[in-house]
Amino acid sequence: MRQWTRLIIDVDYHPCDSGNSTWYCERTAFPKSDLCAGKVLSYEDPGGLFGGIRVDSVSEDGLVLSYGTKLYSISMEHPNLPLDKDGRDYTEFELNLFLESAIVVEDTPDFYRQFLTRDLVASLCSSDIQALKASDAPCARYALGRWHYVLVPEEDSCAQAEKLFREAADAGVADAFYALSMMNWLGDTSEGLENVSEMVRLRNEALSRGSLLATLRYAEDRVDGGAEAPEEPAVVRDEATRILQADPDTVPEWYTVLGLAYKALGERDRAKETFEAGIVHGSVNCYKQLASMALVDDDKVQFREWMEKGMAHGCAWCFLLDADMPDEEYEALPARGRYATSSRIRRQLEQGLRLGEGLCGYYLGLNYIYGLLGFGIDLSEAERVLRKGAALGNGDSCLLLARLQENREDSTPEMKEEAARMRQKAYNYGIEDALEEPEQDEDDGRWDAYV
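Residues numbered from 1 in each chain as written. Predicted model: local features only at pLDDT ≥ 70, side-chain atom pairs only at ≥ 80, totals over all residues. Heavy atoms only, no water.

A. Representation of the sheet that holds strand 2 (residues 24-31) in the model. Judged by pairing direction, the sheet is antiparallel, and its 4 strands sit side by side in the order 2-1-8-7 without closing on themselves. Whereas interior strands pair on both sides, the edge strands pair on one side only; in this sheet they are strand 2 and strand 7 (80-88). Adjacent strand axes in the sheet meet at a mean angle of 20° when their direction is disregarded. With 8 bridges joining them, strand 1 (residues 2-15) and strand 2 adopt antiparallel strand pairing. What sits directly across from Arg6, in strand 2, is Pro31. (Pairing = 2+ DSSP bridges. Helix = DSSP H or I, 4+ residues; strand = E, 2+ residues; numbered from the N terminus. Axes fitted to C-alpha atoms, helices over the stretch in contact; angles between N-to-C directions.)

Here it is as structure tokens:
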């Protein structure tokens, strides 16, 4: 649940000079607590073209405003209101209003559902994070921990996440037990080591307390027997089917679970139908699943369509589109096409990394190290993106960072120690050969990102 916190009045303007596409903005903000019926809203208007705005009424859902001779509504359902436009002195002006909202901190099932998936966590805005930081409620501690752990916005985010999860778990937050379970499974706690028995103990505790996050992830694990779970895709299929039949509009991640179960059972058509239904009901992860299936089917047109749609809807994994383009295919493009393609792939990978997809860090790092796809060699930039990819739990990024540290001409004992730690983390994250003795002339490690 969200509530609106401020009314924003923007006067946007743009000089109509040839070749000038820059817009400027004068912003005036009104806190919800300062707004009441009859209040006249004074705002910055550099063109002096727009009239007064008066509050007609205020509600929890929004506002009714008087402008000129008309009344206008702005609400949580329709938070943007283009109010007027005009021009003078070869300059265009627009008067735009919108409601700024923030998450409501409350210990309810709906609150925890806002943090179930990476795309949901990535959709949090700055006002949401401020609201979570301002609250001492255990549910807010957990939610802030999820933000740190999923997106790694700060250098010590992993340590902060562990602290916040422990505080929330001590207060009885069920999802926090599962979050700590995963940190133990991946060796992301302060001890830096996998602890399988503790992972299982904490996961069982989360399940016994009714954690929806644990229930969904455990169902996914039981599809293929991962994370010390029994392999029982048929059981998971039946469970997910019952849940969706009872309520088709339940948490949309159940469509992902059901689709994965059908896929594991060899029922590919049913899997595709289920993932498509998941998209209709709001499961962003289903774009990744459909794109992966199209790639296996060698349907390049459908694959590209799902990847592009996934990017448009915030699926971080889909920003890997063309990340593994063969060098010969890139070099065959005309000069202008190479520049546009290189710029597009760089923007996509940076955005995917911001949205929490660590594999985007790997491909960025790979391109910067070897100068692929027109990136140009930049080892400092490679180190930056690989560190972010590693922090996001991507084993490929960990291993490539280790190789970078080991093979640098100025490699120090400290760098080699860090490389050893990165190799261990890569192993924790599923790269089975990560602990093998480093070689001097290693392959660049490129492989298909999508299969």
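B. Up close: the sheet that holds strand 5 (residues 62-67). In spatial order, the strands read 3-4-5-6; together these 4 strands make up an open sheet with antiparallel pairing. Looking at which strands have only one partner, the edges of the open sheet turn out to be strand 3 (40-41) and strand 6 (70-75). Relative to strand 4 (residues 53-58), strand 3 runs antiparallel, the two sharing 2 bridges. Looking at strand 4, one finds that Val40 is bridged to Arg54.

C. Quick look at helix 7 (residues 196-208). The terminal C-alpha atoms of helix 7, which comprises 13 residues, lie 18 Å apart, in line with the 18 Å expected from a rise of 1.5 Å per residue. Looking at helix 7, one finds that the buried residues are Met199, Leu202, Arg203 and Ala206. Looking straight down helix 7, one finds that the buried residues subtend no more than 105° of arc, so they occupy a single side. For helix 7, the exposed residues set more than 90 degrees away from the buried face come down to Ser197 and Ser208. The inward-facing, buried residues of helix 7 contact helix 6 (174-186) and helix 8 (212-224). Taken from the residues just after helix 7, Gly210 is the one with a positive phi, measuring 85°. (Expected span 1.5 Å × (residues − 1). Buried < 20%, exposed > 50% of the residue type's maximum accessible area, 1.4 Å probe, protein only. Arc of directions from axis to C-beta. Contact = heavy atoms within 4.5 Å.)

D. Just the environment of Met307, in detail. In this fold, Met307 is placed in helix 13 (residues 300-312). On a C-alpha basis, the gap between Met307 and Gly226 in space is 26 Å, while along the polypeptide they are 81 residues apart.

E. Geometry of the pairing of strand 6. As defined by bridge partners, strand 5 adjoins strand 6 across 6 bridges and the pair is classed as antiparallel. Across the sheet, the residue bridging to Tyr67 is Lys70, located in strand 6.

F. Summary view of the side chain of Arg222. Tracing the backbone shows Arg222 in helix 8. Residue class for Arg222 comes out buried when judged on its relative accessible area of 7%. One polar contact links Arg222 to Glu239, side chain to side chain, over a distance of 2.7 Å. With near-sequence residues (within four places) excluded, Arg222 lies in contact with Ala229, Pro230, Glu231, Glu232, Pro233, Val235, Val236 and Glu239. (Polar contact = N/O pair within 3.5 Å; in protein donor to acceptor, adjacent residues only side chain to side chain.)

G. Structural view of the packing of aromatic side chains. Across all of its chains, the model carries 10 aromatic pairs by this definition. Ring centres of Tyr142 and Phe165 lie 5.9 Å apart, and the angle between their planes is 35°; this geometry places the pair in the tilted category. Taken as a pair, Tyr142 in helix 4 (residues 138-151) and Phe165 in helix 5 (residues 157-170) lie far apart in primary sequence, 23 residues in all. When sorted by exposure, Tyr142 lands in the same class as Phe165, which is buried. Arranged with centres 6.3 Å apart and planes meeting at 80°, the rings of Tyr149 and Phe165 form a pair that is edge-to-face. Of this pair, Tyr149 sits in helix 4 while Phe165 sits in helix 5; the two residues are 16 residues apart in sequence, bridging distant segments of the chain. These aromatic residues form a ring-pair network of at least three members: Phe111, Tyr112, Phe115, Tyr142, Tyr149 and Phe165. Taking the ring centre of Trp306 as reference, the NZ or CZ of Lys309 above it sits at 5.2 Å. If you follow Arg346 out to its NZ or CZ, it ends over the ring of Phe375, 4.4 Å from the centre. (Phe/Tyr/Trp six-rings, centres within 6.5 Å; stacked < 30°, edge-to-face > 60°. Lys NZ or Arg CZ within 6 Å of the ring centre and 35° of its normal.)

H. How the structure looks around the environment of Ala137. Topologically, Ala137 is positioned in the loop between helix 3 (126-134) and helix 4. Residue classification places Ala137 among the partly exposed positions, given a relative accessible area of 25%.

I. Up close: the pattern of salt bridges. What the rule picks out here adds up to 31 salt bridges. Lys32 is the salt-bridge partner of Glu60, the closest N and O atoms lying 2.9 Å from each other. With a gap of 28 residues between them, Glu60 in the loop between strand 4 and strand 5 and Lys32 in the loop between strand 2 and strand 3 connect regions that are remote in the sequence. Arg387 is the salt-bridge partner of Glu383, the closest N and O atoms lying 2.8 Å from each other. In this pair, Glu383 and Arg387 are both assigned in helix 17 (residues 379-391), 4 residues apart and thus about one turn of the helix distant. Through salt bridges with shared partners, a single network forms among Glu383, Arg387, Arg408, Asp410 and Glu418. (Salt bridge = Lys/Arg side-chain N within 4 Å of Asp/Glu carboxyl O.)

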